[in-house]
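# Chains, contacts and geometry: an overview
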Amino acid sequence: MNPARSSLAVSRHRYRPACRQCCGVALDMGSARTRAWLAGRRTIVDVPTVTFPGSGAVYPIRRGAIVDTAGAARMLDRLLGHRLPRLVRPLVVVTTPVLDGIAYRAAARAAVEVLRPRSVLTVPSARAVALGAEADLTRPLLVVDVGAHLTEVVLLSEGAVVDAHRTPLGTSDLDSAPPAEISEAVVAMVTAMVRQDRTSLTRDALDRGALLAGGGALWPEITHRLTDQLHAPLRPVPAPHTAAVRGAARLLKAAHTHPAVTGVVPPPAGHPHRSPDPT
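In this text, all values refer to a predicted model and were calculated from it rather than measured experimentally.

Rules behind the numbers
Residues numbered from 1 in each chain as written. Predicted model: local features only at pLDDT ≥ 70, side-chain atom pairs only at ≥ 80, totals over all residues. Heavy atoms only, no water. Helix = DSSP H or I, 4+ residues; strand = E, 2+ residues; numbered from the N terminus. Expected span 1.5 Å × (residues − 1). Buried < 20%, exposed > 50% of the residue type's maximum accessible area, 1.4 Å probe, protein only. Contact = heavy atoms within 4.5 Å. Salt bridge = Lys/Arg side-chain N within 4 Å of Asp/Glu carboxyl O. pLDDT = per-residue confidence, 0-100. Pairing = 2+ DSSP bridges. Axes fitted to C-alpha atoms, helices over the stretch in contact; angles between N-to-C directions.

Moving on, we come to helix H5 (residues 179-196). Compared with the 26 Å implied by 1.5 Å per residue over 18 residues, the 26 Å span of H5 between its first and last C-alpha is a close match. Restricting attention to buried positions, one finds in H5 the residues Pro 179, Ala 180, Ile 182, Ser 183, Ala 185, Val 186, Val 187, Met 189, Val 190 and Met 193. For H5, the secondary structure elements touched by its buried residues are strand S8 (141-146), strand S9 (151-157), strand S10 (160-167), helix H6 (201-208) and helix H7 (220-230).

Next up, the structure:
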């Protein structure tokens, strides 16, 4: 093949940002699926969270924890390496589980280094879900995120995490654990939050209606059971399985438009800079 034509063919598939400082990636790395949104594009890349270093498949994220950082890095390189410009360092926004977030953030930052980011920001998944659903964050909000391997119930107030519970159950367990078991686990977590809350935040959020996200929101039996057992409104978000990455994308856009608000400081020419983690 003509080298010039080969180079042109590659460049057609490589993302070119409108401006060098606007290159960015929003990431939601789940146990079953990893979703990414690139600044300037209208589509979400959605692939299984798996890598193939040898003869078999390796799953680098399990039950909301990155158990193989090198494997996660290989997956990200395969997913995004050819989609990013070679000479521009992207700003990366990564969603993280609310609980055990410190360990996850450290592992996520290490894995994301394969993308050569100029800065990495993290956001709790529940807040990302709320942003993706365009929910009103000025009022208390209860987020129920039923993922493939992990279910989180999180109380937000003014957009900040106030309380959180989780269970290592998700839609991937439906073969062995019926929907009733997942629903009962969610109800137990919400009940514990209400009992432990000495304010009215949890009750106010529940009366307002819990926001339901994750793949579990696509299971009618789960949504019907939760509505009946919580005795409160339940609001499944549109396209619930991609709500978190859409919320991360909104933060990415805000960081590009108002860098001072999100703590992103443009690096001096020739000197990469990593801003502090706002979470």
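Now that the structure is up, let's keep going.
This part takes up the pattern of salt bridges. Tallying each qualifying case throughout the model produces 6 salt bridges. One salt bridge in this structure joins Asp 46 and Arg 35, with 2.9 Å as the shortest N-O distance. On the criterion of sequence distance, the pair formed by Asp 46 in strand S3 (residues 44-48) and Arg 35 in strand S2 (residues 33-38) is long-range, its members being 11 residues apart. For Asp 46, a relative accessible area of 29% translates into the label partly exposed. Among the salt bridges present, the one from Arg 74 reaches Asp 68, with a minimum N-O distance of 4.0 Å. Residue Arg 74 is classed as partly exposed on the basis of its relative accessible area, which comes to 35%. Assessed through its relative accessible area of 22%, Asp 68 is described here as partly exposed. Through salt bridges with shared partners, a single ionic network connects Arg 33, Arg 35 and Asp 46.

Moving on: the confidence of the model for the protein chain. On average, residues of the protein chain score 84 in pLDDT, and 84% of them reach the 70 mark or higher. The low-confidence segment residues 1-18 (pLDDT under 50) makes 25 contacts with residues lying over four places distant or belonging to another chain. Long-range and interchain partners of residues 263-279, a stretch whose pLDDT sits below 50, account for 35 contacts in this model, where long-range means more than four residues apart.

With that settled, the discussion passes to the environment of Gly 170. Examined against the element boundaries, Gly 170 turns out to sit in the loop between S10 and H5. Apart from the residues within four sequence positions on either side, Gly 170 is in contact with Arg 63, Gly 147, Ala 148, His 149, Leu 150, Thr 151 and Ile 182.

Reading across from one edge, S3-S2-S1-S6-S7 is the order of the 5 strands in this open sheet, with mixed pairing throughout. The open sheet has two edge strands, S3 and strand S7 (119-124), and neither has a second partner. Going from strand to strand, the sheet's axes swing by 20° on average, the running direction of each strand aside. Contacting strand S6 (91-96) and S7, helix H4 (residues 125-132) runs over the sheet at an angle of about 85° to S7. Across the sheet, helix H8 (residues 243-257) lies against strand S1 (24-29), S2, S3, S6 and S7, angled at about 155° from S1, the strand it touches most.

Time to look at unusual backbone geometry. Backbone geometry places Arg 63, a non-glycine residue, at a positive phi of 50°. Tracing the chain through its elements places Arg 63 in the loop between strand S4 (61-62) and strand S5 (65-66). Take Arg 63: its relative accessible area is 33%, and that puts it in the partly exposed class. In this model, Glu 158 sits at a positive phi of 55°, which is unusual for a non-glycine residue. Residue position: Glu 158 is located in the loop between S9 and S10. With relative accessibility at 59%, the residue Glu 158 sits in the exposed group.

If you trace the backbone, Ala 248 turns up in helix H8. The exposure class assigned to Ala 248 is buried, which follows from its relative accessible area of 0%. Sequence separation between Ala 248 and Pro 124 is 124 residues, and the spatial gap between their C-alpha atoms is 9.4 Å. Residues contacting Ala 248, with those up to four places away along its chain left out, are Ala 26, Val 93, Thr 95 and Ala 128.

This part covers the side chain of Thr 202. Examined against the element boundaries, Thr 202 turns out to sit in helix H6. When near neighbours in sequence (up to four residues on either side) are disregarded, Thr 202 contacts Leu 155, Met 193, Val 194 and Asp 197.

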